[in-house]
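Tertiary structure, described
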Amino acid sequence: MRQPRALVIGAGVGGITAAAALHRRGWSVTVLERAARLEPVGAGISLAPNSQRALDAIDLGDDVRALAAWQGGGALRTPRGRRLSRMDSAAMAERFGGPLVLLHRATLVDLLVSRLPGGAVRTGTAAALADPGDAARPARVTTEDGEYEADLVIGADGIDSAVRRGLFPDHPGPRYAGFTTWRLVIPDPGRPFEPHETWGRGRIWGTQPLKDGRIYAYAAAVAEPGGHAPDDERSELLRLYGDWHRPVPDLLAAAAPPDVLRHDIRYLAEPLPAYHRGRVALVGDAAHAMAPTLGQGGNQAIEDAVVLAHHLAPGTGDPSAALAAYTRDRLPRTTDVVRRSARAARAITLTSAPATALRDAAIAVAGRLVPGLALRSFDGIADWHPPTRTYPSGAQRKA
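All values reported here derive from a predicted model rather than from experimental measurement.

A word on the pattern of salt bridges. Tallied over the full model, the rule gives 25 salt bridges. With a shortest N-O distance of 2.9 Å, Arg-77 and Glu-194 are connected by a salt bridge. In this pair, Arg-77 sits in strand β4 (residues 73–77) while Glu-194 sits in the loop between β12 (175–186) and β13 (196–199), placing the two residues 117 residues apart along the sequence. In this structure, a network of salt bridges that share partners links the residues Asp-131, Asp-134, Arg-137, Arg-140 and Glu-147.

The subject of this paragraph is the pairing of strand β10 (residues 146–150). Sheet topology places strand β9 (residues 139–143) next to β10; 5 bridges connect them, and they run antiparallel. Bridge assignment links Thr-142 to a residue of β10, and that residue is Glu-147. Taken together, β9 and the strand that follows it, β10, pair antiparallel across an intervening segment of 2 residues.

This paragraph deals with the sheet that holds β9. Spatially, 3 strands are ordered β8-β9-β10 in an open sheet, and the strand pairing comes out antiparallel. Looking at which strands have only one partner, the edges of the open sheet turn out to be β8 (127–131) and β10. Adjacent strand axes in the sheet meet at a mean angle of 30 degrees when their direction is disregarded. Both β8 and β9 contribute to a ladder of 4 bridges, which runs antiparallel. Among the inter-strand pairings, Asp-131 is bridged to a residue of β9, identified as Arg-140.

Note that Thr-143 resides in strand β9. Note on Thr-143: relative accessible area 13%, which makes it buried. Polar side-chain contacts of Thr-143 include one of 3.1 Å to the backbone nitrogen of Asp-145. Each residue touching Thr-143, except ones within four places of it in the same chain, is listed here: Leu-32, Thr-125, Ala-126, Ala-127 and Tyr-148.

Before going further, it helps to examine helix α4 (residues 89–96). Of the residues making up α4, those classed as buried are Ser-89, Met-92 and Phe-96. Across the axial projection of α4, the buried residues extend over an arc of 60 degrees, all falling on one side. For α4, the secondary structure elements touched by its buried residues are α2 (49–56), β5 (83–88) and α13 (373–376). Its side-chain oxygen at 3.0 Å from the backbone nitrogen of Ala-90, Asp-88 defines the N-terminal cap of α4. Looking one or two residues past α4, Gly-97 carries a phi angle of roughly 85 degrees, positive in sign.

Here we take up unusual backbone geometry. Looking along the chain, the bond that leaves Arg-246 and enters Pro-247 is cis, with omega of 15 degrees. If you trace the backbone, Pro-247 turns up in the loop between α7 (233–241) and α8 (248–254).

So, on to the packing of aromatic side chains. Summed over all chains, the structure comprises 5 aromatic pairs. Here the aromatic rings of Trp-182 and Tyr-241 are separated by 6.5 Å at their centres, their planes lie at 75 degrees, and the arrangement is edge-to-face. Placement of Trp-182 in strand β12 and of Tyr-241 in helix α7 is noted, with a sequence separation of 59 residues between them. In this pair, the class of Trp-182 matches that of Tyr-241, namely buried. Taking the centre distance of 5.8 Å and the plane angle of 40 degrees together, the rings of Tyr-216 and Tyr-218 count as tilted. Each member of the pair, Tyr-216 as well as Tyr-218, is classed as buried. Through successive ring pairs, a cluster of aromatic residues spans Trp-182, Trp-205, Tyr-241 and Trp-244. Here the basic side chain of Arg-330 rests over the ring of Trp-384, its NZ or CZ set 5.9 Å away from the ring centre.

Criteria and cut-off values
- Think of each chain on its own: its residues are numbered from 1, step by step along the sequence as written.
- Residues qualify for local features only when their pLDDT is at least 70, as the model is predicted, and side-chain atom pairs are given and counted only at 80 or more; totals for whole chains, interfaces and linings, by contrast, use all residues.
- Only hydrogens and water are set aside when side-chain values are computed; all heavy atoms of the structure are taken into account.
- Salt bridges, as used here, are contacts in which a Lys or Arg side-chain nitrogen is within 4 Å of a carboxyl oxygen on Asp or Glu.
- Secondary structure counts use DSSP, requiring at least four H or I residues in a row for a helix and at least two E residues in a row for a strand, with both numbered from the N terminus.
- Two strands are counted as paired when DSSP detects at least two bridges linking them.
- Here an angle of 0 to 180 degrees is reported between the N-to-C directions of two axes, which are lines fitted to C-alpha atoms, with helices fitted over the stretch in contact.
- Three labels apply to residues, based on accessible area from a 1.4 Å probe with only protein chains included: buried if under 20% of the type maximum, exposed if over 50%, partly exposed otherwise in between.
- Two N or O atoms count as a polar contact when they lie within 3.5 Å, although within protein this holds only if one can serve as hydrogen donor and the other as acceptor, and sequence-adjacent residues are included solely when both atoms are side-chain atoms.
- Residues count as neighbours in contact if any of their non-hydrogen atoms are within 4.5 Å of one another.
- As used here, the arc is the angular range of directions from the helix axis to the C-beta atoms.
- Two rings belonging to Phe, Tyr or Trp (six-membered ring only in the last case) form a pair when the distance between their centres is within 6.5 Å. Interplanar angles under 30 degrees mark stacking, angles over 60 mark edge-to-face geometry, and anything in between is tilted.
- Think of it as a cone above the ring: NZ of Lys or CZ of Arg counts as a charge over the ring if it is within 6 Å of the ring centre and within 35 degrees of the ring normal.

Nothing here speaks to function; it is geometry throughout.
Structure representation (C-alpha cells):
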C-alpha cells in the first residue's frame, strides 16, 4: 500500500505536533518552514493538562510533565502587592488531572522535533498553497524548488495565514484585541518570590519559574496598535511596571533590552466557516487565533494536531470525510475558547479607577467565599481528553 503523503506549511507548535502525530499514524510528512532556522518566536509557553493529555498521544506528555516547576502556592495581586486571591498547583492538578507546566518554546519545539524522522523539517523553504485539491486530485504546494503534490496539506502558518486566506478569501481576518504584550526569560535574580499574576489599571504582569532555574515573565497593557518604545522595550517596562511590588523591579533590573519581546495581540473574532477545504486543514492560530488571557493558544493548536491525526487513519484515500469530522470536533470547542479568552481580556484591560476597584473587590470577596473559584474558569477547557489512544506514564504502561 502506498504511504500517504502530507505537507505541513509552518513549523510552529501546531505544525510540528501535527507532523509528529501523522508520522505516528503512518503518514510520510514533510514540514516546510520559511525561516532559515527553527528559532521559535516568543519566550515561554504554558501547557495545561488538556494539551499534556494530547501530547500523550505521541508519547510526549510525561516528558512535558517532568518539566513542571510550579510547586505550592501562588497569588493574584494588586500592583502594591495586596493579595486578591490564592492559586495552588496541587489544586490545579487535582481538579484537572495534571500540573500547569511553563517551559521555553524552544524546549517544546526540540521535544516535538525529536518525534520526527531526520530531514522531516525543511527550513528556509517558503511554501504557498497552489491548489487545495479535492476527491479526484491531490493538493499542490509550490516552493522555490518546484511544485509538490500531497494527499493532505496542513496550514500551520500562523495568525496571518496565507493558507487561510486562500481557502476563505472573504473572511475578515484577525482583529486587534486592544492591548500589546511583552515577554522575557531571564536568570533568577536571587530573591525568593511566590509565582503570581498582578492586575493593575489596563496593565498586568506575571512571573513564573522555569524548570531550568530561569524566570519567565510576561506583561500586557492597553495600547494603540503598532506602538513601540521611543528607546527600548525594557525601558518601557520600567516606566509601566518599575514601581510595582517585588519581584517585578528585580526582574527588570536583571533584564537586558534584547531579552524583551513585544507583540500586539490580535485574534479571530469571527469564526471560520470550517477548518478545512478540499485536502487542506488549518491548525492553531491559522484556524482560531485567540487572546493569550487563558494561556490556551498553543494548547488548542496541540489539541488540533492530535484530533486531526486521529481522524486520518492509515490508508485514507480521499480525506474529505476525515477533514469534515475534524471540523465538527474542533470548530465549536475552539470558538468557545476564543470567546472565553476575549471575555477574560476585557476583565484585565479595564482602565478606569472605579471599574478596576470594583473588579478587585469582587475577586477578593469571591476568593474568600468560594475557594478555588479561579480554577473554575478552566472547566470545560483544561479537563479535555483526546479521542485517540494515548501513551501514558511508565507505571500505567505496565498495567
